[in-house]
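Chain residues, written in single-letter form:
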Amino acid sequence: MIKKYLRIYKTFLANALSYEAQYRANMWLNIILNLIWISMLFVFIETFFRFTTTLGGWEKPEVYLLSLLWIFTVELAAVLFSGIFRLPIDVNEGNIDLLIVKPLNSLFLMSLRQIRFSSSYYLILEVPLLIWFVIHYDFIHSFSSLCLALLLFVCGLIIYYSVLLIINTLGFWFERFDNINDVWLTLHEMGQYPLHILPKFFKVLFFTFAPIAFTAYVPVSMLKEQLPTHLIWYTILFTGFLFLCAVSFWNFAIKKYSSASS
Amino acid sequence: MRQTLTILKTEWQRQLTYRLNFIGFRVGNLFEILSQLVIWFALFRSFPIINGYTLDQMITYVIIGWLFSFFTTNFGFEMIISKQITTGEISNFLLKPISYIRYIMVLSIGRISMALISSLILQLGFILIFWKYLVAPVSLSVFLFIIPMMILSYFINLFFSILMGFCSFWTTESDGIHYAFRFANRFLTGAFFPISLFPVSILNIFLVFPFVYSFFVPIQIYLGKMSFHQAWLGLAIQCLWLLVLYIAVKMMWKVGVKKKYEGIGM
């Protein structure tokens, strides 16, 4: 079973690679763009820190790490789950029929069918930078804190996926709902700043109904200072709960779906 | 005139058909503005003045600046043009008794007019909430500069979008170009933060480009941080850019249609 899915994923990978190879000009442009984006991030943070030494109690290297990890997670999700962004359009145009009639798990097919290599260039550029930041600024207090931070990072990625799945699944009920991704992504951008600067209302919101705190803030807080045990457990339980909700919602939507065009 | 009205009416109907999608854009803007406000409030907690800006001026910069930028944006028009080229839809316009560039310009006015209404409502909400922080314009005469600057910026942005869209005559996958353009545009306008936070030499380079005149410069004039002499100079730079871009659009269209377009899908 797993072998079958791995084989299919390999085919997706090969397709994505051949697609990318077709548009080499676009590929180079993406690499340059990613370089510019990283430079802009540096300019942005450096400009702010010309006027202050801390942002909400966070020092410059910590803000750098937070922003870098946030971008890393978003880009990694873009590489892995790009297909999910197309869901509302596919539902609207009736293309989803082609996915659900195939003898495969429809959620697997919908989420992982499209691998966006253009986002992976960013990861290649950013991984060394992230590692350098973590080592140079001595963020690793102990092996266990590093393992926990990695675990929390995975939780953040699953939460990010779950939210995307839930909001895009709403496309089964609302016509032309593709903008919802822009709304989520813009809100999610607030996750690249230390949440300490926010009023209490937003802090609560970002740990519950709009869970953007888990993408980077929680893992980096783990590296910055030991997180309280209850927050670690909350993150793990919340991840499980949200993922379960997202999958159940997807299954419910598929059951209720009546084709648009066929 | 009848042609123009028909294009406008069709675009308004299209936008109103997908109201939720339309509202989605505005909610996205709301978070964007909110996140900037939150950061500035946090920074001003430690400093009463940052690079010559008081908290009130900075809040005005964000809220009124975004209002100005809504007047000049065309909401990703390059994507529409690009799609019409790659799908071969543009062939219809080659046969119709209407110039494609004129059609695009009218369509863009239809798009922005609807978007503008919702943006104004959104921005009105911000103005009401942050009323006590907002700074009044130094004098009403500033609008004599700001309004023409907005109009020129709108057409400059539109021509840039058309040029970006026309890139699809040469490459069918142009997402990277569009994204780069949007990001650079947003950065260079001063929408992320006032570009006067940069050293003067860099600021002077930015002033040669047309982007700053849709956000940064108008709000500087509004706040009285830029003289009328500089405003005149800005208008002259904008006129020059508009002319250059108009010629570029015409040329790119000519070359694109005649030498590169193959009418895919037709």
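Residues numbered from 1 in each chain as written. Chains lettered and ligands numbered in written order. Predicted model: local features only at pLDDT ≥ 70, side-chain atom pairs only at ≥ 80, totals over all residues. Heavy atoms only, no water.

Before going further, it helps to spend a moment on the overall build of chain B. Broken down by element type, chain B carries 11 helices and two strands. Ordered by position from the N terminus, the helices and strands of chain B form the series α-α-β-β-α-α-α-α-α-α-α-α-α. Here chain B, with 266 residues, has 55% of them falling under the buried criterion. For chain B, long-range pairs separated by at least 24 residues make up 81% of all intrachain contacts whose partners lie at least 6 apart in sequence. With an accessible surface of roughly 12,400 Å², chain B has 71% of that area assigned to carbon and sulfur atoms. The average position of the 19 basic charges and that of the 8 acidic charges among the side chains of chain B differ by 8 Å. (Helix = DSSP H or I, 4+ residues; strand = E, 2+ residues; numbered from the N terminus. Buried < 20%, exposed > 50% of the residue type's maximum accessible area, 1.4 Å probe, protein only. Contact = heavy atoms within 4.5 Å. Areas by Shrake-Rupley, 256 points an atom, 1.4 Å probe, with all protein chains shown as cover. Lys, Arg positive; Asp, Glu negative; His and termini not counted. Charge placed at Lys NZ, Arg CZ, Asp CG, Glu CD.)

There is a patch of nonpolar side chains on the surface, built from Val127(A), Ile131(A), Ile135(A) and Ile140(A) and spanning about 330 Å² of accessible area. Summarising the element assignment, Ile135(A) is placed in helix 7 (residues 117–136). (Patch = residues over 30% accessible without salt bridge, like charges linked within 9 Å, V, L, I, M, F, W, Y side chains within 5 Å. Salt bridge = Lys/Arg side-chain N within 4 Å of Asp/Glu carboxyl O.)

Another point: the packing of aromatic side chains. What the rule picks out here adds up to 61 aromatic pairs over all chains. Considering the side-chain rings of Trp173(A) and Phe249(A), the 5.5 Å spacing of their centres and the 10° angle between planes classify their relative orientation as stacked. Here Phe249(A) lies in helix 12 (residues 229–256) and Trp173(A) lies in the loop between helix 8 (143–169) and helix 9 (180–188), a separation of 76 residues in the sequence. Given the relative accessible area of 42%, Trp173(A) is considered partly exposed. Connected via pairs of aromatic rings, a cluster forms that spans Phe44(A), Phe48(A), Trp40(B), Phe44(B), Phe187(B), Phe192(B), Phe193(B), Phe198(B) and Phe206(B). (Phe/Tyr/Trp six-rings, centres within 6.5 Å; stacked < 30°, edge-to-face > 60°.)

Residue and element names in this part refer to chain A. Contact geometry of helix 8 with helix 9 gives a least axis separation of 10 Å together with a crossing angle of 150°. Classified by the interaxial angle, the pair formed by helix 8 and helix 9 is roughly antiparallel. For the pair helix 8 and helix 9, the sense of crossing is right-handed. Contacts from Tyr160, Val163, Leu164, Ile167 and Asn168 in helix 8 reach Ile180, Asn181, Trp184, Leu185 and His188 in helix 9. Counted by class, the contact of helix 8 with helix 9 contains seven nonpolar, three polar and no charged residues. (Axes fitted to C-alpha atoms, helices over the stretch in contact; angles between N-to-C directions. Parallel < 35°, antiparallel > 145°, perpendicular 65-115°, else oblique. Left-handed = near helix turned anticlockwise from the far one by under 90°. Nonpolar A, V, L, I, M, F, W, Y, C, P; charged D, E, K, R; others polar.)

A few words on a positive patch on the surface. Together, Lys250(B), Lys254(B), Lys258(B) and Lys259(B) make up a region of like positive charge exposed at the surface. You can see Lys259(B) is positioned in helix 11 (residues 228–260).

For the rest of this paragraph, the subject is the interface of chain B and chain A. Taken together, the contact pairs 36 residues of chain B with 31 residues of chain A. There are zero salt bridges connecting chain B and chain A. Elements that contribute at least two residues to the side of chain B that touches chain A include exactly helix 2 (19–44) and helix 8 (175–189) of chain B. With 16 residues, helix 2 of chain B is the single largest residue contributor to the side of chain B that touches chain A. Class assignment for the residues of the side of chain B that touches chain A results in 23 nonpolar, eight polar and five charged.

Membership of the largest hydrophobic core comes to 179 residues, with the highest contact counts inside it found for Phe206(A), Trp40(B) and Phe166(B). The contacts of Phe206(A), once residues within four sequence positions are left out, are Leu187(A), Met190(A), Leu195(A), Leu198(A), Pro211(A), Ile212(A), Ala213(A) and Phe214(A). (Core = buried A, V, L, I, M, F, W, Y, C linked by side-chain atoms within 4.5 Å.)

Two side chains that carry opposite charge are able to pair once their charged atoms sit near each other. Residues and elements named next belong to chain A. Taken as a whole and assessed by the stated rule, the structure comprises four salt bridges over all chains. Between Asp90 and Arg86 there is a salt bridge, and its shortest N-O distance comes to 3.8 Å. In this structure Asp90 comes out as buried when scored by relative accessible area, which is 4%. For Arg113, the salt bridge is made with Asp90, and the minimal N-O distance between the two is 2.7 Å. Here Asp90 lies in helix 4 (residues 87–93) and Arg113 lies in the loop between helix 6 (106–112) and helix 7, a separation of 23 residues in the sequence.

Next up on the list: unusual backbone geometry. Even without being glycine, Asp138(A) reaches a positive phi, approximately 55°. If you trace the backbone, Asp138(A) turns up in the loop between helix 7 and helix 8. With a phi close to 50°, Asn51(B) is a non-glycine residue in the positive phi region. Assessed through its relative accessible area of 34%, Asn51(B) is described here as partly exposed.

With 21 residues, helix 3 (residues 60–80) of chain A ought to run about 30 Å at 1.5 Å a step, and its terminal C-alpha atoms sit 30 Å apart, in line with that. Most of helix 3 of chain A sits out of view: 19 of its 21 residues are buried. (Expected span 1.5 Å × (residues − 1).)

Residues and elements named next belong to chain A. Among the secondary structure elements, Phe133 is positioned in helix 7. In sequence terms Phe133 and Leu68 are 65 residues apart; their C-alpha atoms lie 9.5 Å from each other. In contact with Phe133, not counting residues within four places along its chain, are Phe42, Pro61, Tyr64, Leu65, Leu68, Asp138 and Phe139.

Let us look at the packing of helix 3 of chain A against helix 7 of chain A. All names here are of chain A. It is the contact of helix 3 with helix 7, at a shortest axis distance of 9 Å, that shows an interaxial angle of 150°. Accordingly, the angle class assigned to the pair helix 3 and helix 7 is roughly antiparallel. In terms of crossing hand, the pair formed by helix 3 and helix 7 is left-handed. Only Ser119, Ser120, Tyr122, Leu123, Glu126, Val127, Leu129, Leu130, Phe133 and Val134 of helix 7 make contact with helix 3, whose side of the interface consists of Pro61, Tyr64, Leu65, Leu68, Leu69, Ile71, Phe72, Glu75, Leu76, Ala78 and Val79.

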